[in-house]
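# A structural walkthrough
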Amino acid sequence: MNHDDLRYGNLKHMQTAWSELTPGEVHASWSGHLTACGKPVIEAKPVYESHPRDITCAECGATAVFDLNTAREHAKAVTEKYEASGAITHTFAFSFREDALVAIAPKAFEMRRKGDSWNKIATDFVLIAAPDKDGTSMFVGKVGMAIIDGLKESEFQGSY
Ligand SMILES: [Zn+2]
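Values in this document were obtained by computation on a predicted structure and should not be read as measured data.

## Some thoughts on the nonpolar core
- In terms of nonpolar packing, the biggest core is built from 40 residues, with Phe 66, Val 143, Ile 147 and Leu 151 touching the most fellow members.
- For this core, the secondary structure elements donating two or more residues are helix 2 (58–65), helix 3 (68–84), helix 4 (90–113), helix 5 (118–129) and helix 6 (135–154).
- In this structure, this core is formed jointly by two domains, domain 1 (3–65) and domain 2 (68–154), each of which donates at least three residues.
- Discounting chain neighbours no more than four positions away, the residues touching Leu 151 are Phe 66, Leu 68, Ala 71, Ile 104, Ala 105, Ala 108 and Trp 118.

## A short note on helix 6
- Its 20 residues place the ends of helix 6 29 Å apart at the C-alpha level, agreeing with the 28 Å of an ideal helix rising 1.5 Å per residue.
- The complete set of buried residues in helix 6 reads Ser 137, Phe 139, Val 140, Gly 141, Val 143, Gly 144, Ala 146, Ile 147, Ile 148, Gly 150, Leu 151 and Ser 154.
- Where helix 6 begins, the side chain of Asp 134 points an oxygen toward the backbone nitrogen of Thr 136, at a separation of 3.0 Å.

## Focus on the side chain of Ser 29
- With respect to the helices and strands, Ser 29 occurs in strand 2 (residues 27–29).
- Looking at Ser 29, its side chain comes within polar contact range of the main-chain nitrogen of Gly 32, at 2.8 Å.
- Those residues in contact with Ser 29 that lie beyond four places of it in its chain are His 13, Met 14, Gln 15, Ala 17, Leu 34, Thr 35 and Val 41.

## Details of the coordination of the zinc ion
- Protein ligation of the zinc ion involves His 27 (ND1), Cys 37 (SG), Cys 57 (SG) and Cys 60 (SG), the donor distances falling in the range 2.0 to 2.3 Å.
- Considering all four donor atoms around the zinc ion, the spread of angles at the metal, 100 to 116°, places the coordination shape in the tetrahedral class.
- Donor residues binding the zinc ion come from one chain and are separated in sequence as H-x9-C-x19-C-x2-C. Here His 27, found in strand 2, pairs with Cys 57, found in the loop between strand 3 (43–44) and helix 2; they are 30 residues apart in sequence, far enough to count as distant.
- On the accessibility criterion, His 27 (1% relative accessible area) is buried.

Definitions and limits used
Residues numbered from 1 in each chain as written. Predicted model: local features only at pLDDT ≥ 70, side-chain atom pairs only at ≥ 80, totals over all residues. Heavy atoms only, no water. Core = buried A, V, L, I, M, F, W, Y, C linked by side-chain atoms within 4.5 Å. Buried < 20%, exposed > 50% of the residue type's maximum accessible area, 1.4 Å probe, protein only. Helix = DSSP H or I, 4+ residues; strand = E, 2+ residues; numbered from the N terminus. Domains from an automatic or database assignment. Contact = heavy atoms within 4.5 Å. Expected span 1.5 Å × (residues − 1). Polar contact = N/O pair within 3.5 Å; in protein donor to acceptor, adjacent residues only side chain to side chain. Donors = N, O, S within 2.8 Å, 3.2 Å for Na, K, Ca; no water. Tetrahedral: all angles 85-135°; square planar, octahedral: opposite > 155°, others 65-115°.

Here is the structure:
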């Protein structure tokens, strides 16, 4: 994901955008020259004509309808405890949070658009990513659930 765009993570100043690299796909852009998923923009709609309903790229959609920084903060609260205990390094914590966000947020966008509940998203996540009772599964599960909480808390309240 393109971090410059992810900093905004909301619908203010969002432009729906197209990239030559992905014909037919509708992305979102905040800079006007890169999509939130990091592709060069060939054409973008004005902000006032841009709506999250039109976005088809799940990564861009997630950036538009959720505040990814809220999700990051929730996840950080979890990883900080593991860092404090010496179980993981700061670098690992950072990259793990980002990887988890990249994996979860677009999926959550697709599922919410389909009408799935947050409960279903959380249940599916645990089944797929953290099905066991060991320490690693617990860690993955806690970070993922924190991210899901953050997405839920910051979700755009209109239709998309
Ligand atoms: Zn995109």
